[in-house]
Amino acid sequence: MLPLLLVLSLVELGSGLVLGSFEDELLRRPSLLVLVPVTIGTAGNLGSILAARLSTAVHLGTITFSPEDDTLVGNAVATAGLAVSVFPVVGLGAWGLTELTVGATLAPTRVVLVAACSGAVLAVLAIAVTLLTTYVAYRLGLDPDDVVIPVVTNTCDVLGVLVLFGVVLVLL
Amino acid sequence: MSIRAVAREAYREALPALGASVVGGLFAGVVLGGMRSELQQVPGLLVLVPALLATRGNVYGSLGARLATGLHQGLLEPSIDLGNERLRGAIAAAITNGLLVSVFAATAAYVLLGLLGQAAASLPTLVAVSLLAGLFSGITLTVAVVSVVFVGFRRGQNPDTLVGPIVTTTGDVFGMAFLLLAARIVLSVGGL
């Protein structure tokens with residue numbers, strides 16, 4: 001357990017360094033700082049929910065890795081739907097709480113836009129990473145429950161920071 | 001089942017847990033947004049945030065999964081008895097892992113920032129903040145995970161489905177709050 005935890009913490013430090021590189025921007029615009037933990041967490045959770053459902057389906061033998069498989073496609077569609085419906089609310093919540101506490105410097109529409117775009121990009125990435133990791137674990141005969149969830153959660157955490165950074169760079 | 005039916009069921013089942021973690025994540029964000037002066041006084045602290053939050057999830061999520069498996073297999077009784085060696089062992093292992101990873105992450109962040117030529121607080125400051133935050137949140141998360149899993153199991157809930165949302169929600173909120181508290185404590189003793 002410990003060696004895996006140490007490797008994962010190094011991976012997370014990589015995303016920390018990305019955060020550190022736009023620290024000035026984040027300190028100037030606290031709404032974006034408020035978005036950081038919730039974006040990381042939601043991205044990781046989207047991946048881990050999909051991973052847990054696919055792992056169970058693999059164990060039950062009710063899934064095939066084909067683009068026509070109903071379980072596979074249905075769960076991927078649900079993940080995209082969750083991301084698209086939850087992230088705009090996340091953006092609005094982040095702006096509202098910032099305004100109430102330290103005072104927001106960005107317009108609410110900007111924060112919602114940043115969150116919604118990040119969510120849409122993250123949904124695609126979370127689905128791709130989860131399908132790939134589950135497929136590789138399945139092919140190698142590894143128990144997807146042990147391997148897939150930590151790998152997917154931590155990868156999606158890192159992608160959460162990278163995507164947020166990218167979207168801020170493009171939109172603001 | 002058709003794709004539509006699968007997608008609808010998956011969406012409905014996942015939304016409550018995701019919603020709970022969103023609320024937790026937003027409150028964690030409010031704490032982070034409110035600790036801008038600490039972030040400026042302890043350069044490198046922001047770099048540690050993702051690693052420390054993820055460690056809480058990884059370590060205490062695994063504690064919850066272990067307890068859930070023990071309960072399912074009948075190796076653990078659903079009563080909080082610290083005399084039980086299996087329970088004590090699982091808790092001790094989780095807290096030890098949590099503290100070791102916290103110290104490791106602080107040291108690695110210090111080294112990486114040094115290599116990149118970026119500003120960082122002193123090594124003892126980063127390690128002390130990380131260790132204190134790891135200790136406070138470790139105790140809180142252990143209490144939360146053990147009580148929710150045991151109480152949930154006694155009430156006939158599947159502990160496996162409780163662990164994820166509990167750990168992500170309390171881990172984010174308490175992880176950030178205790179990081180702020182730890183930074184204030186270390187800064188108030190005059191830094192190291």
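How each quantity is defined
- Residues numbered from 1 in each chain as written.
- Chains lettered and ligands numbered in written order.
- Predicted model: local features only at pLDDT ≥ 70, side-chain atom pairs only at ≥ 80, totals over all residues.
- Helix = DSSP H or I, 4+ residues; strand = E, 2+ residues; numbered from the N terminus.
- Rg over C-alpha atoms; globule rule 2.2 N^0.38 Å.
- Contact = placed C-beta atoms within 7 Å.
- Nonpolar A, V, L, I, M, F, W, Y, C, P; charged D, E, K, R; others polar.
- Core = buried A, V, L, I, M, F, W, Y, C linked by C-beta atoms within 7 Å.
- Buried ≥ 20, exposed ≤ 12 C-beta atoms within 10 Å, placed from the backbone.
- Axes fitted to C-alpha atoms, helices over the stretch in contact; angles between N-to-C directions.
- Parallel < 35°, antiparallel > 145°, perpendicular 65-115°, else oblique.
- Left-handed = near helix turned anticlockwise from the far one by under 90°.
- Expected span 1.5 Å × (residues − 1).

(A) Region of interest: the overall build of chain A. When helices and strands are counted, chain A shows 6 helices and 0 strands. Against the 2.2 N^0.38 benchmark of 16 Å for 172 residues, chain A shows a C-alpha radius of gyration of 17 Å, consistent with a compact globule. The C-alpha extent of chain A, read off along each of the three principal axes, is 50 × 35 × 25 Å. Restricting the contact set of chain A to residue pairs at least 6 apart, pairs at least 24 apart contribute 79%.

(B) Region of the structure containing the interface of chain A and chain B. Between chain A and chain B, the contact holds 52 residues from the first and 49 residues from the second. Within the residue set of the side of chain A that touches chain B, elements represented by two or more residues are helix H1 (2-21), helix H2 (23-28), helix H3 (30-60), helix H4 (70-101) and helix H6 (144-171) of chain A. For the side of chain A that touches chain B, the element with the highest residue contribution is H4 of chain A, accounting for 16 residues. When its residues are assigned to classes, the side of chain A that touches chain B shows 30 nonpolar, 17 polar and 5 charged.

(C) The arrangement of the nonpolar core in detail. Ranked by size, the top nonpolar core spans 122 residues in total, and within it Leu46 and Ala94 of chain A together with Val145 of chain B carry the most contacts. At 16 residues, helix H3 (residues 45-72) of chain B tops the list of elements feeding residues into this core. Excluding anything up to four places from it in sequence, Val145 of chain B contacts Tyr60, Leu63, Gly64, Val163, Ile166 and Val167 of chain B.

(D) Quick peek at the packing of H3 of chain B against helix H4 (residues 85-115) of chain B. Residue and element names in this part refer to chain B. Where H3 contacts H4, the axes come no closer than 10 Å and their chain directions differ by 165 degrees. Judged on the interaxial angle alone, H4 and H3 are roughly antiparallel. Taken as a pair, H3 and H4 cross one another with a handedness that is right-handed. Contacts between H3 and H4 involve Val47, Leu48, Ala51, Leu52, Thr55, Val59, Tyr60, Leu63, Arg66, Leu67 and Gly70 from the first element and Arg86, Ala90, Ala94, Asn97, Gly98, Val101, Ser102, Ala105, Ala106, Ala109 and Leu113 from the second. A class-by-class count of the residues in the contact of H3 with H4 yields 15 nonpolar, 5 polar and 2 charged.

(E) How the structure looks around helix H5 (residues 123-154) of chain B. The end-to-end C-alpha distance of H5 of chain B, which contains 32 residues, comes to 45 Å, matching closely the 46 Å that a straight helix rising 1.5 Å per residue would cover. Just downstream of H5 of chain B, Gly156 of chain B is the residue with a positive phi angle, here 85 degrees.

(F) Layout of the environment of Ala137 of chain A. All names here are of chain A. Summarising the element assignment, Ala137 is placed in helix H5 (residues 108-139). Classification of Ala137 as buried rests on a count of 21 C-beta atoms within 10 Å. For the pair Ala137 and Leu6, spaced 131 residues apart in the sequence, the C-alpha separation amounts to 21 Å. Apart from the residues within four sequence positions on either side, Ala137 is in contact with Leu142, Pro144, Val147 and Val148.

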